[in-house]
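Chain by chain, the residues:
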Amino acid sequence: MSGASEALLKVEDLSVEFRTGRGPLRVVESTSFELAPGGTLGIVGESGSGKSMTSLAIMGLLPKGGRAEGSIRFGGVDLLSLRESRMRAVRGGRIAMIFQDPLSSLNPYYTVGTQIAEAYLAHHPTAGRREARKVAIEAMERVRIRDAAARVDQYPHQFSGGMRQRIMIAMALSMQPELIIADEPTTALDVTVQAQILSLLDEIRRESGAGLILITHDLAVVAEVAEEVLVMRQGRTVEQGATREVFRSPSHEYTFRLLDAVPRIDDEVGELKRIGFAERPGPLANAGVGIGEERA
Ligand SMILES: Nc1ncnc2c1ncn2[C@@H]1O[C@H](COP(=O)(O)OP(=O)(O)O)[C@@H](O)[C@H]1O
Ligand SMILES: [Mg+2]
């Protein structure tokens, strides 16, 4: 291992290209970032900017026709050159992904307990069924599903959207991953539930020591959860660095506009104020960002 490989994840010069009828289409262009063990990175940008393709490239799950170039080193190993069989062991074992829509990630025909247990057994092949069930119940308790011992035998449709996302987090947890990638994990949920899921995710991350890549278009969330931020636009990195710095003095018009789109919910205003973002006049005021507006 070289001295430079202390990062949990080191992405260098990552590009993603699709073959199309009209020739190659680059949807991610020369993206580089790294994540320390236990670190948090927020990836933000409008829809279609390449956030999901970046994370799917890390997981080796690009859609058909997509190809990744560059280097993605995870724990010192280049994931892009890994055989599929070895990549499968990394995926879900050492890296867990939480998607936007928990319903499409859960199998409707199996109880949630069976699915969490399966995820655990896949990476703990010597464990027995009884142990896996116990792990499933404990994981459900950790994500605060009440009456977990009974609900473990229920099916996905018997849970609300927010509860299903908790189950996805429980499933990720049961694998004891070193890295969790959450791709817009709350977009499909009610606003009131979103904050609960995000703080749960943040708490779980702290407890487990896993690194977290949180993809979202919600900059207030990034302000709260992520130490580092990467701002993407049309496949390119527009800015990156410590969240505090980037939000305090964004250097690109695009980032100003993203910040301007943050809904003005009291909590979020409070949070942006806390990081020193909202109090600052100057470039933000000039850009017409109104997040710092006082509320009675
Ligand atoms: N299978 C595909 N073939 C061609 N282009 C695709 C495919 N999937 C996604 N794209 C394009 O890749 C770009 C980035 O998509 P994505 O990473 O999903 O954006 P984001 O997650 O930031 O909303 C988009 O312009 C999208 O249209
Ligand atoms: Mg996406």
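Before any of the text, the structure's been laid out above.
Calculation rules
- Per-chain numbering applies: the sequence of each chain, read as written, is numbered from 1 onward.
- All chains are assigned letters beginning at A, and all ligands numbers beginning at 1, according to the order in which they are written.
- Confidence filtering applies because this is a predicted model: local features only for residues at pLDDT of at least 70, side-chain atom pairs given and counted only at 80 or more, and all residues used for totals across whole chains, interfaces and linings.
- The basis for every side-chain value is the complete set of heavy atoms in the structure, and neither hydrogens nor water enter the calculation.
- In this text, helices come from DSSP runs of H or I with a minimum length of four residues, and strands from runs of E with a minimum of two, each type numbered from the N-terminal end.
- Remark: exposure states derive from per-residue accessible area (1.4 Å probe, protein chains only) relative to the maximum for the residue type, with buried under 20%, exposed over 50%, and partly exposed in between.
- The contact rule is simple, with two residues in contact once any of their heavy atoms fall within 4.5 Å.
- We get accessible surface area from the Shrake-Rupley algorithm with a probe of 1.4 Å; when it comes to residues, only the shown protein chains can shield them.
- If DSSP finds at least two bridges between two strands, the strands pair.
- Clockwise travel from the first strand over the helix to the second, with the strands pointing away from the viewer, marks a crossover as right-handed.
- Inter-axis angles, ranging from 0 to 180 degrees, are taken between N-to-C directions of lines fitted to C-alpha atoms, where helices are fitted over the stretch in contact.
- Just so you know how the angles are binned, under 35 degrees is roughly parallel, over 145 roughly antiparallel, 65 to 115 roughly perpendicular, and the rest oblique.
- Two helices cross in a left-handed way if the nearer one is turned anticlockwise from the farther one by less than a right angle. They cross in a right-handed way if the turn is clockwise.
- Note that Gly is not counted as nonpolar here; it falls among the polar residues with everything else outside the nonpolar set of Ala, Val, Leu, Ile, Met, Phe, Trp, Tyr, Cys and Pro and the charged set of Asp, Glu, Lys and Arg.
- In these notes, residues near a molecule or strand are those with any non-hydrogen atom within 4 Å of it.

Within the protein chain, the regular secondary structure consists of 13 helices and 10 strands. Expressed as a percentage of its 296 residues, the buried residues of the protein chain come to 50%. Pairs at least 24 residues apart make up 66% of the contacts formed inside the protein chain by residues separated by at least 6 positions. For the protein chain, the accessible surface area stands at approximately 14,500 Å², while carbon and sulfur atoms represent 48% of it.

What follows covers the pairing of strand E8 (residues 211–215). Of all 5 residues that make up E8, 5 are buried, and the element is covered over most of its length. The alternating pattern of E8 places Gly211, Ile213 and Ile215 and Leu212 and Leu214 on opposite faces, both of which are buried. Sheet topology note: the strand E3 (residues 40–44)/E8 ladder contains 4 bridges and is parallel. Of the residues in E8, the one forming a bridge with Leu41 is Ile213. Across 5 bridges, strand E7 (residues 179–183) lies against E8 in parallel orientation. Residue pairing for E8: Leu179 is matched across the bridge by Gly211. At this point the chain moves from E7, through helix H8 (residues 191–208), to the parallel E8, and the crossover so formed is right-handed.

With that settled, consider the environment of Gly65. Considering the arrangement of structural elements, one finds Gly65 in the loop between helix H1 (51–59) and strand E4 (66–74). When its relative accessible area of 18% is taken as the criterion, Gly65 is described as buried. Taking the C-alpha atoms as reference points, Gly65 and Pro24, 41 residues apart in sequence, are found 9.7 Å from one another. With near-sequence residues (within four places) excluded, Gly65 lies in contact with Glu17, Phe18 and Arg19.

Before going further, it helps to examine the sheet that holds strand E1 (residues 9–20). The strand order E2-E1-E4-E5 describes an open sheet built from 4 strands, whose pairing is antiparallel. Looking at the sheet topology across the chains shown, the edges are occupied by strand E2 (23–35) and strand E5 (77–78). One ladder, built from 8 bridges, connects E1 with E4; its direction is antiparallel. In the strand pairing of E4, Val11 is matched with Ile72. Each of E1, E2 and E4 is contacted by H1, which is oriented at about 105° to E1, the strand it contacts most.

This paragraph deals with the sheet that holds E7. The strand order E6-E7-E8-E3-E9-E10 describes an open sheet built from 6 strands, whose pairing is mixed. At either margin of the open sheet sits one strand with a lone partner, and together these are strand E6 (95–98) and strand E10 (236–242). On average, each strand axis in the sheet is inclined to that of its neighbour by 15°, with strand direction left out of account.

Turning our eyes to something else, we now look at the packing of helix H4 (residues 112–123) against helix H5 (residues 129–142). Here H4 crosses H5 at 115°, and the two axes come no closer than 8 Å. Considering the angle they form, H4 stands roughly perpendicular to H5. Between H4 and H5 lies a crossing whose hand is right-handed. Across the interface between the two elements, Val112, Gly113, Ile116, Ala117, Glu118, Tyr120 and Leu121 from H4 touch Arg129, Glu131, Ala132, Arg133, Val135, Ala136 and Met140 from H5. Split into classes, the residues belonging to the contact of H4 with H5 amount to 9 nonpolar, 1 polar and 4 charged.

The local shell around ligand 1 consists of Phe18, Leu25, Val27, Glu46, Ser47, Gly48, Ser49, Gly50, Lys51, Ser52, Met53 and Pro63. Protein chains shield 65% of the accessible area of ligand 1, which is 570 Å² for the free molecule. Among the elements of the structure, E2 and H1 are those that each provide at least two residues to the shell around ligand 1. Taken together, the residues of the shell around ligand 1 break down into 5 nonpolar, 5 polar and 2 charged.

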